[in-house]
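Examination of the molecular architecture
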Amino acid sequence: MSEKFDPLVAEWISFVKNPNFNLIEKCLKFSQLIEYPELQVDEYIKKIHRMGMSLKESISDVKNPTYLISMLNEHLFENLGYSGDDDDYYNPKNNFLNEVIDKKTGLPITISILYVEIAKFIGLDLKVVGFPGHVLVKYNEEMILDPFYDGRLLDIDDLQEILDVNFDGELEFKPEFLDEVKSEQILIRMVRNLKNSYIGSYVYDKALRCVDMVLAIEPESPEDIRDKGILEQRLQNSENALKYLNKYLEINPNAEDVDFILELIRSIKIKD
């Protein structure tokens, strides 16, 4: 499906695919491209460095991971005042790392990214976990941590409770939910979160750009093909809307929302 060339999306993809940039740099580039063209990426890297170095200078030579994690939690959440944003969870700003650094609140994914980065300064190799509905962090396979709630240690019951809250009790815990996710998947999840925030704020043009950014990496993603069709319809681009909604039905004919999509297609054709 040929699309009008978007230089922003093209720049984003070249950045995502470039192994010379780390996750922090890619997150800040994402902010710069989408909302903050004047953003000085280097300044925010320096801010993170200062946070990490102040932690490193405050700890003893003890290398026990439990001690190091407790010190990381104390530093980030008590001393610096970071926390998950329960009060304004769906605010689009929570998806931008520069905003999270400045306002000291964010989503599970953005707080976790910062948490993992600061941990590196004290020799902790933490991994981001793509847990359904709520990104977490792990140390080896023995500790599962929730940076959104002050780095608290989670057990199986806690994990099931998170699933119950996010999926109305319809999703059972599976060990693979605790698999590490790589940078590209973290970035895709972040872009999808932002898409949903923009949709909730009725900013459909920016939501559509987010969809295009995901589809540039995962061109056959049913969810994003569907959302592109819906957003094109809301922006009154009927031809594109029909193209993507029909494509969605082709690749996902047994989807739960088939009736809704068929009705949307019918309504577009009637208006035209």
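Here's what I pulled together on the structure shown here. Because the structure is a prediction, the values reported are computed rather than measured.

Calculation notes
- Residues numbered from 1 in each chain as written.
- Predicted model: local features only at pLDDT ≥ 70, side-chain atom pairs only at ≥ 80, totals over all residues.
- Heavy atoms only, no water.
- Helix = DSSP H or I, 4+ residues; strand = E, 2+ residues; numbered from the N terminus.
- Buried < 20%, exposed > 50% of the residue type's maximum accessible area, 1.4 Å probe, protein only.
- Contact = heavy atoms within 4.5 Å.
- Core = buried A, V, L, I, M, F, W, Y, C linked by side-chain atoms within 4.5 Å.
- Axes fitted to C-alpha atoms, helices over the stretch in contact; angles between N-to-C directions.
- Parallel < 35°, antiparallel > 145°, perpendicular 65-115°, else oblique.
- Left-handed = near helix turned anticlockwise from the far one by under 90°.
- Nonpolar A, V, L, I, M, F, W, Y, C, P; charged D, E, K, R; others polar.
- Pairing = 2+ DSSP bridges.
- Salt bridge = Lys/Arg side-chain N within 4 Å of Asp/Glu carboxyl O.
- Expected span 1.5 Å × (residues − 1).
- Polar contact = N/O pair within 3.5 Å; in protein donor to acceptor, adjacent residues only side chain to side chain.

Digging into the overall build of the protein chain
Looking only at helices and strands, one finds 12 helices and 6 strands in the protein chain. Expressed along its principal axes, the backbone C-alpha trace of the protein chain runs to roughly 70 × 45 × 35 Å. A buried classification covers 49% of the 272 residues belonging to the protein chain. Once local pairs closer than 6 in sequence are excluded, the contacts in the protein chain between residues at least 24 apart make up 57%.

Let's talk about the nonpolar core
Counting 81 residues, the largest nonpolar core has W12, F30, L72, I113, Y115, L124 and L126 as its most contacted members. Ranked by size, the runner-up nonpolar core spans 10 residues in total, among them V129, L136, I144 and L154.

Quick look at the packing of helix α10 (residues 222-234) against helix α11 (residues 238-251)
Two packed helices can be described by the angle between their axes and the distance between those axes. Between α10 and α11, the least distance of the axes is 7 Å, while the angle of their chain directions is 155 degrees. As summarised for this structure, α10 and α11 are arranged roughly antiparallel, according to the angle between their axes. Crossing of α10 over α11 shows left-handed handedness. Of α11, the residues touching α10 (which contributes P222, I225, R226, K228, G229, I230, E232 and Q233) are N240, A241, Y244, L245, K247, Y248 and I251. Among the residues making up the contact of α10 with α11, the classes are represented as 8 nonpolar, 3 polar and 4 charged.

Some thoughts on the packing of α10 against helix α12 (residues 258-271)
As a packed pair, α10 and α12 sit with axes 12 Å apart at the nearest point and diverge in direction by 30 degrees. Classified by chirality, the crossing of α12 by α10 is left-handed. Contact residues: α10 offers R226, I230 and Q233, while α12 offers F260, I261, L264, I268 and K271.

A look at unusual backbone geometry
With a phi angle near 50 degrees, N140 is a residue other than glycine that sits in the positive phi range. The exposure class of N140 is partly exposed, given its relative accessible area of 42%. Not every positive phi belongs to a glycine, and D150 is a case in point at roughly 60 degrees.

Notes on the sheet that holds strand β5 (residues 143-146)
Here we have 4 strands laid out as an open sheet, ordered β3-β4-β5-β6, and antiparallel in their pairing. For this open sheet the edge positions go to β3 (126-129) and β6 (152-154), each flanked by a neighbour on one side alone. Looking at each pair of strands side by side, their axes are set apart by 40 degrees on average, direction ignored. Alignment of β5 against β6, held across 3 bridges, turns out to be antiparallel. In the strand pairing of β6, I144 is matched with L154. Seen against the sheet, helix α6 (residues 108-119) touches β3, β4 (136-139) and β5 and runs at an angle of roughly 170 degrees to β3.

Describing the pairing of β3
Pairing between β3 and β4: 4 bridges, direction antiparallel. Following the sheet pairing, V128 is matched in β4 by V137. Where β3 folds back onto β4 in an antiparallel hairpin, the turn is made up of 6 residues, including G133, whose phi is positive at roughly 80 degrees.

Observations regarding the pattern of salt bridges
In total, this model carries 23 salt bridges according to the counting rule given. The salt bridge involving E180 is made with K182; its shortest N-O contact spans 3.5 Å. According to the relative accessible area criterion, K182 is exposed, its value standing at 55%. Notably, a salt bridge pairs K247 with E220, separated by 3.6 Å at the nearest N-O pair. You can see K247 sitting in helix α11 and its partner E220 sitting in the loop between α9 (204-215) and α10, a full 27 residues away along the chain. If you follow the salt bridges from partner to partner, you end up with R192, K195, E218, E223, D224, R226, D227 and D257 in one network.

With respect to helix α8 (residues 183-200)
The terminal C-alpha atoms of α8 lie 26 Å apart, and with 18 residues this matches the ideal 26 Å at 1.5 Å per residue to within 8%. Buried residues belonging to α8 abut α1 (7-16), α2 (23-34), α6, β3, α9 and α10. At the exit of α8 stands Y202, carrying a positive phi of roughly 65 degrees.

Focus on α2
When the terminal C-alpha atoms of α2 are compared, their 17 Å separation across 12 residues agrees well with the 16 Å that a helix rising 1.5 Å per residue should span. Burial analysis of α2 places 11 of its 12 residues in the buried class, the great majority of the element. Listed as buried for α2 are L23, I24, K26, C27, L28, K29, F30, S31, Q32, L33 and I34. Here the buried face of α2 lies against α1, α3 (41-56), α5 (97-103), α6, α8 and α9. For α2, the side-chain oxygen to backbone nitrogen distance between the N-cap and I24 is 3.1 Å, and the N-cap itself is N22.

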